[in-house]
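# Structural features, examined
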2 protein chains.
Amino acid sequence: MRSESAATGLRCVDCQQSHELDYRLACEACGGLLEIQYELQRLTDEPLVQSRRTGVWRYAAWMPVHDAADFVTLGEQPSPLFPVPRLGAELGLRRLWIKFDGSNPTGTVKDRSSQTAVACARQFGFDTIGVVSTGNAASSIATYAARAGLRGLVCCYTQSTAAKMAHIAGVASDVIWYDGVYDDMIRHFDAAVDRRWFFDGGATRNPYKQEGKKSIALETYEQLGRAPDLMVYPVGMGETLLASQRGWAALAATGRIEKPPRPVSAQSTEANTIAEAWRSGDDLRAKTIGYTVAEGTAVGDMGAKGRLTLRRIREQDGLAGDVPDQETLDMQRRLAQVEGLWVGPTGAVPLAVTARLAQEGLIDPDAEIVCISSETGLKGDWPPLGVEGQKPSLDLIRRTLDGVSNK
Amino acid sequence: MRSESAATGLRCVDCQQSHELDYRLACEACGGLLEIQYELQRLTDEPLVQSRRTGVWRYAAWMPVHDAADFVTLGEQPSPLFPVPRLGAELGLRRLWIKFDGSNPTGTVKDRSSQTAVACARQFGFDTIGVVSTGNAASSIATYAARAGLRGLVCCYTQSTAAKMAHIAGVASDVIWYDGVYDDMIRHFDAAVDRRWFFDGGATRNPYKQEGKKSIALETYEQLGRAPDLMVYPVGMGETLLASQRGWAALAATGRIEKPPRPVSAQSTEANTIAEAWRSGDDLRAKTIGYTVAEGTAVGDMGAKGRLTLRRIREQDGLAGDVPDQETLDMQRRLAQVEGLWVGPTGAVPLAVTARLAQEGLIDPDAEIVCISSETGLKGDWPPLGVEGQKPSLDLIRRTLDGVSNK
């Protein structure tokens, strides 16, 4: 039977050594990161979209899963791509778009990588997939594991939000709630991965897991009919930027577009390692970070993925920026007020960084810009507003409409 | 210029009197509910889907908005429709589907009606739209009002969840937080509507507002390629059932299907007025209700909409059932565990009622059934889980995988 996938092998991003298409987390020769290679002729000749399929499987040939029996889906539709002209006018940008990934089943962009992660777990014969996460990745991996009939082992720290923890408790077959931060658990997790106790659902090494996020580029191309000038991504481990730009590069290699859009890395100032290296021209330097409301960007030491992210940004003439939390929260609120969209802080960072880069003259006002809003605003930690209730009356309605009531 | 819409007029559901297609909330002759009439020949001859459009505007001819300049959208895609074979096997149902409306921009089915509500507010020259709501309708109306550049006046009681209140505070231009319950505010609101201070975004009267929910039927038909045997809806004011079944009736009238699916009303036992009347064969009787976790079904007095809902169920050979909160919560959890999907309580009620009706022998095990899951699980009120964090270690991972650790 012919494979659904056009994948042909793995290649090291550092020493370029080729490897078989098996479950492998690092280059045998140099320890570098691996990327999946595809037969370009097939991707060129076949139609991009399989319209009878849903989720990342609409682009099955571009994904690393051979047998459709391993596909896993919750009927995902392409996420919305829409212009935000009112906000654009405020920022002096004439062609500003948002791609809203909060419409995914668990409300975040992570559902794209979870589809390929869980399908590959099946493909390589695992009955369990594991992940360490502060919340969003945990519920997403657990969701698709349940859907596939696999066990999902999620390790989540006890400082996550009530909404995220309830979600995880609802869907996950196996949860470890732990005291401490990501770094305290990840080394034990990696040791378990090395023993092959479960399939690696983490963001640091596995070349198969993040491949689903390539669909961001493919969908955007399908919806827009062209490549925009700039794609702006929230950057934590760099997965979304790396995978999507790989998609754009493949669209160029198959002759569908002339060249990939310029990638823009958007980080919190608290964790601005890519932005600092890009501005200084130096190598990436890890930093010890504290709290940021943009939890999806809270990575101080990106390791090999960070070096690759910086390299791709430089190769593809990209940009990088960062914003303090207050600018992120202001943008979250402004977006809701002028366009109605309620995104989480991490989902507001790309717009906030775009605003800042435009102000600094680094973005052309006529550039076509797509910002990835990676999460819904419903997953946050919302303390009670503490509003005073008023006594219902017609007069209260009238005064509110006249703007004389308290708002 | 030709109208985008095939709407031709309004007709009273009781006395059948016809009215012009203007902003009108009740029949002039008898005070009955109005429904929008369409030119069937045009709906028959034209393609169902305008694939270059998004949201309910993919079916623009079937909606009551004449000028595309009044359309309002956040790039909504059709909501996912997918089979749940594992859950179906547990319930003894071989062809069970879920249509998951939690993928909408604000996470609920209300985004469908908000699209037509806000577009019609524009069409009829209003600069403000208003609604009284316990949370979901408020954030949805406010979202589309902001997107359209209108004012959104939302009246929400102070007992809503923190997540819903934060969302409303983020998007709404004008909020009234009030002490009391729905009934305390709605009479003042209705008095303001009668004075035309704003466009009526409520569920009791306005024939234009709910029309967007007709798209549930049109999408399901488009995705499935046929009518299922049964469509199961959560019922509060009955809007979703009424509008969707109007869509199915029109699909039958235009020759696309033989007959509409049988509608099934799913309610909480706390607010089971339709179920009680259906079982007894009597008229609908209002009841005073207390709290139910399925907030979207918490309506004790459905009024004219309730009588119409019951009539349509009887005309279309439908069914009605109800479940206590514990069955709703058990189904919410079971769905998450075996299929991965995390829905809100109201979104679990249709499945819980289906399970019960199947158990009672009222549903054929071979029937094709589509359950509307109307909201994401992310909008709920989640108190801290109170879990004990453990110290990270490789041994902890091993014990969890072996099932000997606490879960």
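Note: the structure precedes this text.
Below you will find a few notes about this structure. What you are looking at is a predicted structure, and each value in this text was computed from that prediction instead of being measured.

Thresholds applied
Residues numbered from 1 in each chain as written. Chains lettered and ligands numbered in written order. Predicted model: local features only at pLDDT ≥ 70, side-chain atom pairs only at ≥ 80, totals over all residues. Heavy atoms only, no water. Helix = DSSP H or I, 4+ residues; strand = E, 2+ residues; numbered from the N terminus. Rg over C-alpha atoms; globule rule 2.2 N^0.38 Å. Contact = heavy atoms within 4.5 Å. Areas by Shrake-Rupley, 256 points an atom, 1.4 Å probe, with all protein chains shown as cover. Lys, Arg positive; Asp, Glu negative; His and termini not counted. Charge placed at Lys NZ, Arg CZ, Asp CG, Glu CD. Pairing = 2+ DSSP bridges. Axes fitted to C-alpha atoms, helices over the stretch in contact; angles between N-to-C directions. Least-squares fit on C-alpha atoms with pLDDT ≥ 70 in both. Parallel < 35°, antiparallel > 145°, perpendicular 65-115°, else oblique. Nonpolar A, V, L, I, M, F, W, Y, C, P; charged D, E, K, R; others polar.

## Let's talk about the overall build of chain A
- Across its full length, chain A holds 13 helices and 13 strands.
- The globule rule puts the C-alpha radius of gyration for 407 residues at 22 Å, and the 21 Å found for chain A is close to it.
- Considering only C-alpha atoms, chain A reaches an extent of 70 × 45 × 45 Å along its principal axes.
- Sequence separation of at least 24 residues holds for 69% of the intrachain contacts in chain A that already meet a minimum separation of 6.
- Within the structure as shown, chain A displays about 14400 Å² of accessible surface, and the carbon and sulfur contribution to it stands at 46%.
- If the 45 positive side-chain charges of chain A are averaged to one point and the 51 negative ones to another, these points end up 3 Å apart.

## What about the sheet that holds strand β13 (residues 368-373) of chain B?
All names here are of chain B.
- Ordered by their spatial adjacency, 6 strands build an open sheet running β4-β5-β13-β10-β11-β12, and the pairing between neighbours is mixed. Two strands in the sheet have a free side with no partner beyond their single neighbour: β4 (81-83) and β12 (319-323). Averaged over all pairs of adjacent strands, the angle between strand axes in this sheet comes to 25 degrees, irrespective of strand direction.
- Of the pairings in the sheet, the one linking strand β11 (residues 262-268) to β12 comprises 5 bridges and is parallel in character. From the neighbouring strand, Ser-268 faces β12, where its bridge partner is Val-323.

## Points about the relation of the copies chain B and chain A
- Each copy of the sequence occupies a distinct position, and chain B is placed on chain A by a rotation of 180 degrees and an axial shift of 0.0 Å, giving an RMSD of 0.0 Å. Here the copies are linked by what is in effect a two-fold axis. Looking at the rotation axis and the C-alpha trace of chain B, the residue lying nearest is B:Ser103, at 2.3 Å.
- Looking at chain B, 99% of its interface residues are interface residues in chain A too, so the copies touch through the same face.

## Some points on the sheet that holds strand β2 (residues 18-19) of chain A
- Across the sheet, which stays open at both edges, the 3 strands sit in the order β2-β1-β3 (chain A) with antiparallel pairing between neighbours. Strand pairing shows two members of the sheet lacking a second neighbour, β2 and β3 (34-38) of chain A, which therefore form its edges.

## Observations concerning the packing of helix α11 (residues 325-339) of chain A against helix α4 (residues 136-148) of chain B
- Between α11(A) and α4(B), the shortest axis-to-axis distance is 5 Å and the interhelical angle comes to 80 degrees. On the basis of the axis angle, α11(A) is roughly perpendicular to α4(B). Contacts between α11(A) and α4(B) involve A:Ala336, A:Gln337, A:Val338 and A:Glu339 on the former and, on the latter, B:Thr143, B:Ala146 and B:Arg147.
- Here the residues of the contact of α11(A) with α4(B) sort into 3 nonpolar, 2 polar and 2 charged.

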